[in-house]
Amino acid sequence: MEKVAVYVRESNHSNAQDAILKQEQKVSDFCKTRGYTVCDSASIIGDRKEGFPVLMKLLKSAKSKG
């Protein structure tokens with residue numbers, strides 16, 4: 001099985017919480033059907049500027065986890 005890191009970002013709006021949960025589920029389903037093992041994940045509600053540090057932290061963490 002291939003290991004992956006999952007990052008999900010949603011813009012801040014009135015339905016952001018529901019939207020991010022749906023995205024997380026879709027990504028999870030995708031990984032399961034492809035046989036990927038999720039070694040780390042991160043989600044954020046906000047713009048790209050807010051999300052970038054979260055993404056960089058995820059990549060560093062995922063690299064250390066293999």
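Below is a summary of the structure that appears in this document.

Calculation criteria
- Residues numbered from 1 in each chain as written.
- Predicted model: local features only at pLDDT ≥ 70, side-chain atom pairs only at ≥ 80, totals over all residues.
- Heavy atoms only, no water.
- Helix = DSSP H or I, 4+ residues; strand = E, 2+ residues; numbered from the N terminus.
- Contact = heavy atoms within 4.5 Å.
- Core = buried A, V, L, I, M, F, W, Y, C linked by side-chain atoms within 4.5 Å.
- Buried < 20%, exposed > 50% of the residue type's maximum accessible area, 1.4 Å probe, protein only.
- Polar contact = N/O pair within 3.5 Å; in protein donor to acceptor, adjacent residues only side chain to side chain.

Comments concerning the side chain of Glu-10
- Positionally, Glu-10 belongs in strand 1 (residues 2–10).
- Discounting residues that sit within four places of it in the chain, Glu-10 has contacts with Ala-16, Ala-19, Ile-20, Gln-23, Ile-44, Ile-45 and Gly-46.

Points about the nonpolar core
- If you look at the biggest cluster of nonpolar residues, it comprises 5 residues: Val-4, Val-6, Val-8, Ile-20 and Cys-31.
- When contributions to this core are tallied by element, the ones reaching two or more residues are strand 1 and helix 1 (16–34).
- Here the element with the most residues in this core is strand 1; it accounts for 3 residues.
- Non-local contacts of Val-4, meaning those with residues more than four positions away in its chain, are made with Cys-31, Tyr-36, Thr-37, Val-38, Cys-39 and Asp-40.

Thoughts on the side chain of Asp-40
- Mapped onto the elements of the fold, Asp-40 is located in strand 2 (residues 36–45).
- On the accessibility criterion, Asp-40 (14% relative accessible area) is buried.
- In terms of polar contacts, Asp-40 uses its side chain to reach the side chain of Ser-61, at 2.4 Å.
- Every residue in contact with Asp-40, bar those within four places of it in the chain, is listed here: Val-4, Ala-5, Val-6, Leu-58, Ser-61, Ala-62 and Lys-65.

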